[in-house]
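Listed below are the residues making up each chain.
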Amino acid sequence: MKIFIDFDDVIFNTGKFKEDFLDKVFIKNGATREDFAKTYYYFFKKNNQVNKYYDPKKQIEALGKKEYVNKDKLKKDFNVFMQDLKKYVFRDAICFLRKNSKHDLFLVSYGDPLFQKMKINGAQISGLFEKIIVGRFRKIDLISREVGKRNFSQDEKLIAIDDLPKHLRKTRELKKRLITFHLKRPEGRYKNLTCGYADYETKNLKEVSEIIKKEKIQIKF
Ligand SMILES: [Mg+2]
């Protein structure tokens, strides 16, 4: 069994992280909530779709231009804040990851690679994964690509866990092989989204473990 698991709002309490990040890095150095919100997303176009992502470097540059923001201190506080993010890792996530072999676990994350990697490193969980995959592509495509490269045996069970429905829409190649879990944590930023096509809907990773165990998840070919 190979498990492809999302980072934000699945392993990591990104909502809480973002609140503290705003307070302890930006507000502390003179920025306002409005400044923060206005400079939060950057956009890029791909396949005729406009996608958004967060880039702290660009945000710090943009806010640093305001005379009431202390840019040097902002940069310094940003780096200090990012160093230890262990407290934002959900407890059940650590249990879930430790229960599985490192070789079966793939972390799949969407966003600016540099910032995502800083968060993952700060969370101090990198050692629990076979591979960490970060990109600005739909996660299902990142999974597809990895499966194609790895030559897993045909009866290897594949599982994907994500909180964002759009990342769980299966591609044709993975339709029969991949089992999807839509994770709706009470703390999740997107808990109100519904997903009509995931195989299972759960509230935490303990429930995911229980389903895997109870149903001995079988894939029909
Ligand atoms: Mg997520």
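Criteria and thresholds
Residues numbered from 1 in each chain as written. Predicted model: local features only at pLDDT ≥ 70, side-chain atom pairs only at ≥ 80, totals over all residues. Helix = DSSP H or I, 4+ residues; strand = E, 2+ residues; numbered from the N terminus. Rg over C-alpha atoms; globule rule 2.2 N^0.38 Å. Buried ≥ 20, exposed ≤ 12 C-beta atoms within 10 Å, placed from the backbone. Contact = placed C-beta atoms within 7 Å. Domains from an automatic or database assignment. Pairing = 2+ DSSP bridges. Axes fitted to C-alpha atoms, helices over the stretch in contact; angles between N-to-C directions. Core = buried A, V, L, I, M, F, W, Y, C linked by C-beta atoms within 7 Å. Parallel < 35°, antiparallel > 145°, perpendicular 65-115°, else oblique. Left-handed = near helix turned anticlockwise from the far one by under 90°. Nonpolar A, V, L, I, M, F, W, Y, C, P; charged D, E, K, R; others polar.

Caption draft 1: Molecular detail of the overall build of the protein. Of the regular secondary structure elements, the protein holds eight helices and eight strands. Expected size for 221 residues packed as a compact globule is a radius of gyration near 17 Å; at 18 Å, the protein falls within 12% of this value. Here the C-alpha coordinates of the protein stretch approximately 65 × 40 × 30 Å along the principal axes. Here the protein, with 221 residues, has 32% of them falling under the buried criterion. Intrachain contacts of the protein at a sequence separation of at least 6 include 66% that bridge at least 24 residues.

Caption draft 2: Examining the domain arrangement of the protein more closely. What the domain assignment lists for the protein is domain 1 (2-14 + 88-214) and domain 2 (15-83). Look at where the C-alpha atoms of domain 1 and domain 2 centre, and you get two points 26 Å apart. Contacts between the two partners involve 12 residues from domain 1 and, on the opposite side, 11 residues from domain 2. Here the side of domain 1 that touches domain 2 gets three residues from one element, more than from any other, and that element is helix α6 (residues 113-123).

Caption draft 3: Fine view of the sheet that holds strand β5 (residues 131-135). Taken in spatial order, the six strands make up an open sheet running β5-β4-β1-β6-β7-β8, and their pairing is parallel. In the strand order of this sheet, the two ends are held by β5 and β8 (200-202), each with one partner. Sheet twist, expressed as the average angle between the axes of neighbouring strands with direction ignored, equals 20°. Helix α8 (residues 205-214) rests against β6 (158-162), β7 (178-183) and β8 of the sheet, and its axis sits at about 140° to β8.

Caption draft 4: Expanded view of the nonpolar core. By size, the foremost hydrophobic cluster in this structure holds 44 residues, and its most contacted members are F4, I5, I159 and I161. Structurally, this core is a two-domain feature, drawing no fewer than three residues from each of domain 1 (2-14 + 88-214) and domain 2 (15-83). If we ignore the near neighbours within four places in the chain, the residues touching F4 are F106, V108, I143, I159 and A160.

Caption draft 5: Highlighting the environment of N192. With respect to the helices and strands, the residue N192 is situated in the loop between β7 and β8. The exposure class of N192 is exposed, given the 7 C-beta atoms found within 10 Å.

Caption draft 6: Just the environment of G188, in detail. When you line up the elements, G188 lands in the loop between β7 and β8. Distance from G188 to D77, taken between C-alpha atoms, is 26 Å for residues 111 residues apart in sequence. If near-sequence neighbours (up to four positions away) are discounted, G188 is found in contact with D9 and D163.

Caption draft 7: Representation of the environment of G64 within the structure. In this fold, G64 is placed in helix α3 (residues 56-64). Spatially, the C-alpha atoms of G64 and K75 are 9.2 Å apart, while their sequence positions differ by 11 residues. Contacts of G64, omitting those with residues within four sequence positions, involve V69, K71 and L74.

Caption draft 8: Layout of the packing of helix α1 (residues 14-26) against helix α4 (residues 71-83). Across the interface, α1 lies against α4 with an axial gap of 9 Å and an inter-helix angle of 140°. Compared by their axis directions, α1 and α4 come out oblique. As for the relative orientation of α1 and α4, their crossing is right-handed in sense. Of the residues in α4, those in contact with F21, K24 and V25 of α1 are L74, D77, F78 and F81. By residue class, the composition of the contact of α1 with α4 is five nonpolar, no polar and two charged.

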